[in-house]
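Working through the structure, step by step
Next come the chains, spelled out residue by residue.
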Amino acid sequence: MRLFHRLAIVACIAASTPAPAADLRVGLAAGATSIDPQFYVLGPNSALARNMFDALVNQDETQQIRPALALSWSNSDEVTWEFKLRPDVKFHDGATLSATDVVASLKRVELAARNSPSSFLPYVRDVAEAMAVDPLTVRIRTKAPAPLLLNNLSRIAILPAASAEVPTTEMNSGKGVIGTGPFRFVAWEPNTSVELVRHAQYWGAAPAWDKVVFRVITNNTTRVAALLAGDVDAIEAVPPADIARIGQSQKHRTSSTLSNRVMYLHMDQDRETSPFAAGPDGRNPLKKAEVRRALSLAINRKALIERIMDNQGEPAGQLVPKGYFGHSGALAVDAYDPEAARKALTAAGYPDGFTLTLDASNDRYLNDQMIAQALGQMFTRVGIKTAVETLPGSVFFTRASKLEFSMIMGGAAVETGEASGVLGPLLATFGPAQGQGNRGRYSSPAFDAALKAALGQIDPARRENDLRTAMEIGMKDRGVLPLFFIANVWATRADLSLTPRSDGYTLAQDIRTTKP
């Protein structure tokens, strides 16, 4: 399929009936690395997919589970689920959704996982069997009680059965990119743009926009300038320094909410010798818990938020914000204490510090390069001679997954809306169905046991207690170092309104016109 694009255009959904010949343009801070909705668990990929695909259940703007392709569900026992599908749901190619498509989509996750840096396999690991009982009934049996099945299934896009054998390489050329969502695929030019058009037979509220073009504008200044010049109608990831200026404009408005995304540091805790972390003896200091504690004490999280993020965020001492299922009230944010950091280094056997390189992206998260540079300076002040290297996200994450670095900065969102959605990918022992985002190779039998107990616990109170236990183990071990939770901020033309989402997804259907 021939790929093409035009200048930026965003998406939007009407509050009532769609306006004729309505186009919308939006500037994205990061582009998708794949248009296969089942290939790679990455924020930009998932956000783009939600414009085109539905799951059996979807997450709303606060990550609550809502009916989508499944109107209802029930349990006949602890391991058997039946889902009743919406009748007359149409795919983008005009075919009618049936239970066979759902079963085929669940099976395809394994195919899509091949060569994935972080696959969707963890979201279907509980499924022992999926079957089509009749055209509108899907029965799923799980290997054991799976209380989080709905949360996990909200991450699995449903495609036609005919797309079940289409590999990611072909889908990235446009073949088989067929969903049931409000917009259908037209074209994708990697790192440049995506063009979508309205799905006239969408089962939900009619999309407001006939055409949507998402334009990738990774440079913050350029993205804001495009909005102010009228080249785009909306932008995501508004730089903190520009929020007040845009908000004061009569031609534009901002929308924001606290994000579920935590910025964090991952450290090589597996190898005796690491490529970019070495003490005087040449060995990897990051394997020592006391060194990792020293690094955390050297971080002035408040200063990062105030000086770099312009107060748009909250310091983090764990991986989910307050109010999320699994948040532990027993965990505090490590205080900034450079003197204590130096003492911890001495206790760990490094009174004169060691050498370290911190690697990070420079176009994936708001101010990511500035944050990394500030962290490097903080570590250097306590005696850790730190160099900072930043790369485009498309290069950085691929190399990070190959374990080419010693310490990396990343961001993780609570994809399932509760703590296991980030604990599992980041801290579970690395394996084919878990820990696939664990680029530091942290491993703790106690952590794994607590997480496993939570994932199999039907009683919500006990499950949350197990999740809190896992969180406390991982944070006390400093398997990762949480930095802060970012704020999600969008800006639009003044005649548009946008529903902000805690997952940070920019969805065409969430943007509406305010004109009568």
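Just so we're clear, the structure is a prediction, and the values are computed from it rather than from any experiment. (Residues numbered from 1 in each chain as written. Predicted model: local features only at pLDDT ≥ 70, side-chain atom pairs only at ≥ 80, totals over all residues. Heavy atoms only, no water.)

**Observations concerning the overall build of the protein chain**
Per the secondary structure count, the protein chain includes 14 helices and 20 strands. Computed over C-alpha atoms, the radius of gyration of the protein chain comes to 23 Å, within 12% of the 24 Å expected from 2.2 N^0.38 for 516 residues, which places it in the range of a compact globule. Projected onto its principal axes, the C-alpha positions of the protein chain cover 70 × 55 × 40 Å. A burial count over the protein chain gives 60% of its 516 residues as buried. Residue pairs at least 24 apart in sequence account for 71% of intrachain contacts in the protein chain once pairs closer than 6 positions are excluded. (Helix = DSSP H or I, 4+ residues; strand = E, 2+ residues; numbered from the N terminus. Rg over C-alpha atoms; globule rule 2.2 N^0.38 Å. Buried < 20%, exposed > 50% of the residue type's maximum accessible area, 1.4 Å probe, protein only. Contact = heavy atoms within 4.5 Å.)

**Quick notes on the pattern of salt bridges**
In the structure shown here, the tally under the stated rule is 21 salt bridges. In this structure, the salt-bridge partner of Glu 404 is Arg 399, at a minimum N-O distance of 2.5 Å. Among the charged side chains, a network of salt bridges with common partners joins Arg 25, Asp 233, Arg 493 and Asp 495. (Salt bridge = Lys/Arg side-chain N within 4 Å of Asp/Glu carboxyl O.)

**Regarding the packing of helix H12 (residues 420–427) against helix H13 (residues 445–455)**
Contact geometry of H12 with H13 gives a least axis separation of 11 Å together with a crossing angle of 145 degrees. When you trace H12 past H13, the crossing you get is left-handed. Side by side, H12 and H13 meet where Ser 420, Leu 423, Gly 424 and Leu 427 of the first sit next to Phe 447, Asp 448, Leu 451 and Leu 455 of the second. Split by residue class, the contact of H12 with H13 holds five nonpolar, two polar and one charged. (Axes fitted to C-alpha atoms, helices over the stretch in contact; angles between N-to-C directions. Left-handed = near helix turned anticlockwise from the far one by under 90°. Nonpolar A, V, L, I, M, F, W, Y, C, P; charged D, E, K, R; others polar.)

**Details of the nonpolar core**
Grouped together as the largest cluster of nonpolar side chains are 53 residues, with contacts concentrated most on Leu 265, Leu 295, Leu 375, Phe 379 and Met 409. At six residues, helix H10 (residues 368–381) tops the list of elements feeding residues into this core. Other than its neighbours up to four places away in sequence, Phe 379 contacts Leu 265, Leu 295, Ala 298, Ile 299, Leu 356, Ile 384, Thr 386 and Met 407. (Core = buried A, V, L, I, M, F, W, Y, C linked by side-chain atoms within 4.5 Å.)

**Observations regarding unusual backbone geometry**
The residue Asp 310 is not glycine, and still its phi comes out positive at about 50 degrees. Mapping Asp 310 onto the fold places it in the loop between helix H8 (301–308) and strand S14 (313–315). One non-glycine residue, Arg 441, adopts positive backbone phi at about 60 degrees. Structurally, Arg 441 can be placed in the loop between H12 and H13.

**Focus on the sheet that holds strand S5 (residues 80–85)**
Across the sheet, four strands lie side by side as S4-S5-S7-S6; this open sheet has antiparallel pairing. Here the strands that pair on one side only, and so sit at the sheet edges, are strand S4 (70–77) and strand S6 (127–134). Neighbour to neighbour, the strand axes of the sheet diverge by 20 degrees on average, direction disregarded. Across six bridges, S6 lies against strand S7 (residues 137–142) in antiparallel orientation. Its bridge partner being in S7, Ala 130 is matched across the sheet by Ile 140. Set on the sheet, helix H2 (residues 99–112) makes contact with S5, S6 and S7; between it and S6 the angle comes to about 165 degrees. (Pairing = 2+ DSSP bridges.)

**Some points on the side chain of Ser 119**
Take Ser 119: it is sitting in the loop between H2 and S6. A polar contact is formed between the side chain of Ser 119 and the backbone nitrogen of Leu 121, at a distance of 3.1 Å. Every residue in contact with Ser 119, bar those within four places of it in the chain, is listed here: Phe 39, Val 41, Ala 113 and Gln 436. (Polar contact = N/O pair within 3.5 Å; in protein donor to acceptor, adjacent residues only side chain to side chain.)

**With respect to helix H5 (residues 220–228)**
Taken together, the buried positions of H5 are Asn 220, Arg 223, Val 224, Ala 226 and Leu 227. Down the axis, H5 shows its buried residues gathered within 155 degrees of arc, on one side only. Those residues of H5 hidden inside the fold are in contact with strand S1 (23–28), strand S11 (234–235), helix H6 (240–248), strand S12 (252–267) and strand S18 (480–493). The backbone nitrogen of Thr 221 has a side-chain oxygen 3.0 Å away, supplied by the residue at the start of H5, namely Asn 219. Gly 230, located one to two residues past H5, shows a positive phi value of around 85 degrees. (Arc of directions from axis to C-beta.)

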